[in-house]
Amino acid sequence: MQIACPICRARHPEGTRTCTVCGHDLATLHLVVCPICGALNLVDDERCRRCATPLREPPAPLTLPETPATGPSESAKPTISAGQEAAQERLGPVPESSAAELPLGQQEPAIPLDPLAGLTAPLGLARAAAEPHRATLGLAREPGDAEHYDADLLAQIAAEPAPLTEGAHGVTTEGHPALPRGWRIALYVLLLAAALLPWVLPGLGSSWIQPRQAVVALADAVADLPAGAPVLLVWDYDARYAGELDPLATALLAQLRERQATVEVVAMSPASLGQAQRVISAGWGDQPSGPTLLGYIPIGEAGWRLLAEGAPAVGIEPVSDYAMVVLLADEAAAVRGWAEQVEVYSGVSPYVLVTARSEPSLWPYVQSGQLRAVLGGAWAAPEFEVASGQHADAVATASGYLGLTLVIAILAVLAMLRGPGSGPHRGGQ
Amino acid sequence: MRRWLSVLLVALTGLVMVADGLVPELGLGPVRRGLVDGAVILSAFALLAGVLNLLGWHLRRLRGGEGASGGSILLMLALLGTATVTIALPESGAPEWLYAHLYQPIQASLMALLAFYSVSAAYRTFALRTADAVLLMISAVLLLFLQLPFTAALLPVLGDIRQWLLAAPIAGIMRGVLIGSALGAVTVSLRVLLGRERPQVGE
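Residues numbered from 1 in each chain as written. Chains lettered and ligands numbered in written order. Predicted model: local features only at pLDDT ≥ 70, side-chain atom pairs only at ≥ 80, totals over all residues.

A. Structural detail: the overall build of chain B. For chain B, the helix and strand inventory stands at seven helices and zero strands. When the elements of chain B are put in sequence order from the N terminus, they spell out α-α-α-α-α-α-α. Looking at chain B residue by residue over its 203 residues, the buried ones come to 11%. In chain B, the proportion of contacts linking residues at least 24 apart, taken out of those at least 6 apart, comes to 25%. (Helix = DSSP H or I, 4+ residues; strand = E, 2+ residues; numbered from the N terminus. Buried ≥ 20, exposed ≤ 12 C-beta atoms within 10 Å, placed from the backbone. Contact = placed C-beta atoms within 7 Å.)

B. Geometry of the overall build of chain A. Helix and strand counts for chain A stand at 13 helices and ten strands. Restricting to contacts in chain A with at least 6 residues of sequence separation, those with at least 24 account for 62%.

C. Structural view of the sheet that holds strand β3 (residues 31–33) of chain A. All names here are of chain A. Taken in spatial order, the four strands line up as β2-β1-β3-β4 in an open sheet, and their pairing is antiparallel. In this open sheet, the two strands that pair with only one neighbour each are β2 (11–13) and β4 (40–41). Relative to β2, strand β1 (residues 2–4) runs antiparallel, the two sharing three bridges. Its bridge partner lying in β2, glutamine 2 is registered against proline 13. (Pairing = 2+ DSSP bridges.)

D. Fine view of the confidence of the model for chain A. Residues and elements named next belong to chain A. Looking at chain A as a whole, its pLDDT mean stands at 73, while 68% of the residues score no less than 70. Across chain A, the secondary-structure element scoring lowest on mean pLDDT is helix α2 (residues 96–100), at 39, and the one scoring highest is strand β9 (residues 351–354), at 94. Every residue in residues 58–137 scores below 50 in pLDDT, and together they form 81 contacts with partners more than four places removed in sequence or on other chains. (pLDDT = per-residue confidence, 0-100.)

E. Up close: the interface of chain B and chain A. Listed as interface residues are 52 residues of chain B and, on the opposing side, 59 residues of chain A. For the side of chain B that touches chain A, the elements supplying multiple residues, two or more each, are α2 (29–64), α4 (94–126), α5 (131–146), α6 (151–154) and α7 (156–193) of chain B. Here the side of chain B that touches chain A takes 16 residues from α4 of chain B, the largest share from any one element. The residue inventory of the side of chain B that touches chain A, partitioned by class, reads 37 nonpolar, seven polar and eight charged. (Nonpolar A, V, L, I, M, F, W, Y, C, P; charged D, E, K, R; others polar.)

F. How the structure looks around the sheet that holds strand β7 (residues 292–296) of chain A. All names here are of chain A. Strand order in this open sheet of six strands is β7-β6-β5-β8-β9-β10, and the pairing throughout is parallel. At either margin of the open sheet sits one strand with a lone partner, and together these are β7 and β10 (373–376). Along the sheet, successive strands turn relative to each other by an average axial angle of 20°, direction set aside. Inspection of the sheet shows β9 paired to β10 by four bridges, in the parallel sense. Residue leucine 353 lies in a different strand from β10, and its bridge partner there is leucine 375. In the packing of helix α6 (residues 213–223) onto the sheet, the strands contacted are β8 (324–329), β9 and β10, and the crossing angle to β10 comes to about 110°. Lying over the sheet, helix α12 (residues 377–387) contacts β9 and β10, oriented at roughly 100° with respect to β10. (Axes fitted to C-alpha atoms, helices over the stretch in contact; angles between N-to-C directions.)

G. Structural context of the nonpolar core. Residue and element names in this part refer to chain A. One finds Leu248, Leu328, Val352 and Leu353 to be the most contacted residues of the largest nonpolar core, which totals 99 residues. Here this core takes twelve residues from helix α13 (residues 394–418), the largest share from any one element. For leucine 353, the residues in contact, after removing those within four places along its chain, are Leu245, Leu248, Ala249, Val326, Leu327, Leu328, Leu375, Gly377 and Ala380. Within the second largest apolar cluster, 13 residues are counted, among which are Ile3, Cys5, Val33 and Leu55. (Core = buried A, V, L, I, M, F, W, Y, C linked by C-beta atoms within 7 Å.)

H. Looking closely at the packing of helix α11 (residues 359–367) of chain A against α7 of chain B. At a minimum axis separation of 8 Å, α11 of chain A and α7 of chain B run at an interaxial angle of 95°. Taken together, the axes of α11 of chain A and α7 of chain B lie roughly perpendicular to each other. For the pair α11 of chain A and α7 of chain B, the contacting residues are Pro360, Ser361, Trp363, Pro364 and Gln367 of chain A in the first and Leu166, Ala167, Ile170, Ala171, Met174, Arg175, Val177 and Leu178 of chain B in the second. Tallied by class, the residues present in the contact of α11 of chain A with α7 of chain B amount to ten nonpolar, two polar and one charged. (Parallel < 35°, antiparallel > 145°, perpendicular 65-115°, else oblique.)

I. Here's a closer look at the pairing of strand β6 (residues 262–267) of chain A. All names here are of chain A. Of the strand pairs in this sheet, strand β5 (residues 230–236) and β6 are connected by six bridges, and their pairing is parallel. Note on β6: the bridge partner recorded for valine 234 is valine 266. Once the chain exits β5 it traverses helix α7 (residues 242–258) before rejoining the sheet at β6, and the crossover so formed is right-handed. The pairing of β6 with β7 spans three bridges and is classified as parallel. Paired with glutamate 264 across the strands is threonine 292, a residue of β7. (Right-handed = clockwise from strand over helix to strand, strands pointing away.)

J. Region of interest: the environment of glutamate 343 of chain A. All names here are of chain A. With respect to the secondary-structure elements, glutamate 343 resides in helix α10 (residues 332–346). What makes glutamate 343 buried here is the crowd of 23 C-beta atoms within 10 Å. The spatial distance from the C-alpha of glutamate 343 to the C-alpha of glutamine 370 is 6.6 Å, given a sequence separation of 27 residues. Setting aside residues no more than four positions away along its own chain, glutamate 343 makes contact with Trp338, Val348, Ser349 and Gln370.

K. Inspection of the packing of α7 of chain A against α12 of chain A at higher detail. All names here are of chain A. Look at α7 against α12: their axes get within 8 Å of each other, and the N-to-C directions meet at 25°. Taken together, the axis directions place α7 and α12 in an arrangement best described as roughly parallel. Judged by the twist between their axes, the crossing of α7 over α12 is left-handed. Facing α7, whose interface residues are Glu244, Leu245, Pro247, Leu248, Ala251 and Leu252, α12 presents Gly377, Ala378, Ala380, Ala381, Phe384 and Glu385. In the contact of α7 with α12, the residues fall into nine nonpolar, one polar and two charged. (Left-handed = near helix turned anticlockwise from the far one by under 90°.)

L. Seen up close, the environment of isoleucine 3 of chain A. Residue and element names in this part refer to chain A. Mapping isoleucine 3 onto the fold places it in strand β1. With 20 C-beta atoms counted inside 10 Å, the residue isoleucine 3 sits in the buried group. Taking the C-alpha atoms as reference, isoleucine 3 lies 5.5 Å from leucine 31; in sequence the two are 28 residues apart. Beyond its immediate sequence surroundings of up to four residues, isoleucine 3 is in contact with His12, Glu14, Thr16, Leu26, His30, Leu31, Val32 and Val33.

So, in structure tokens, the structure goes:
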């Protein structure tokens, strides 16, 4: 039986007292890993909340006496320990034939009559309930008026004959003030200047960069990888977000190369595959020790599900076989696809590198433990280089973000001082 | 009859997936896996059908003399050219060249233009000077500043404020959005299963 750290989800053999990844005291609190489906359960759970496998005392095969007595007598019955008795009580009566006719050790495991009996939380919520900082799920109570109203509303919407798109209309933006031409040109020039800052002042503020916790966690995890450790990069961004995510991807690949990790890359679209090829060839060239490109898996969430179980036809092992999994995505939806289609089935929590706009919507998944950490490309690239001791190009991008922030601040002041207010449109076009 | 057949097929497929996801003991795993494998293959053919449909539409447009034909000609040339090079010369490096020297710069340039649109849109919103606009402006400037890699070094409490903003109000709001979209997904799924929505036949 394995146990898991409730903080970082790392798995350890039963009896481990301290998490080797985050240092959490496992003797005080840990989760129990289901030996059948890999789901995480509370210590007190008698059965796995996902597949109902008994956790405390697995139904051991009943032991037969070495010299069976002739004729049915009390002494000829199989001997059952107290624990086995309790397990048998939970699972229901074992058919006599299964214990008496099969040879020792080959008895079929008893199948519970009702696999869902005794579950107090819906499937899939076990992980959320297991988090110490989360609200504890209680027993279901009788639904009140509000619940009845919600259920009726849902039934009404679900059964509505008209398509949901009926009645949709566009939103007009008429009447919004526009920036006067001269000011607009000045702002655009400032914006260009901000974009050029990384080239003009590459070292600006680099000594002040302080990596945040998520970045340090990723840098430490990479540094702890043994040589040759298998790492899977799931690539789901294309050229549109190359400016934001390439520096971070490049910095990560450089670290993985230094650790001599065995990197495999799978993409979720043809364009992502092209982008991955480009970044890898820039970092590795044509070296044979470079990452292996496994191709791309289409169809979104179904594709994710395929990834969870592995795709032997294209050389993809189940994700649980990798020492580290990192997602690089431009959309939060892609990462949610992982959390809902891969993590639930495999128990593998990845590190996620995303665009800054997607980062906030993924925080709930970090808090629930479904993702190890989320790193926004805009700020994490320079921080990762600092945390991992690299001094490459990404550090320079920090000055560009500073410039952009200043431009937006100037714009805000300008709008407050010069804006026409909420009256009719008075700006020039 | 065909309509009901498609509804029945979609409903059955959906029910198998839902049943296997909720109760793995039913033993529907192999069926579900077969369906997923089939969907992967179908999606490849759907892509091909989409390309043929696109070509057909632009050919009809050219033949009918509707509107400017320059865009249609360019699109067809680019599509056929890329497909020919990729299929006929896969190992030549030409597909990578096309991606690196055409696709990537065009995509990156289009995205870069977004910065200018964003600045213009931000001004339009801020200049309204309503309570909402002021709140939006303060949030935007504050978060942009707090997300900079230097802020925690300037003043450690700024790092804590950033952490709190992301972990409490923003994550709370996003949880609400996620729950809302999940309820919407449940509703739409129910409607598809019940045959009220028929996206599979374009309705």
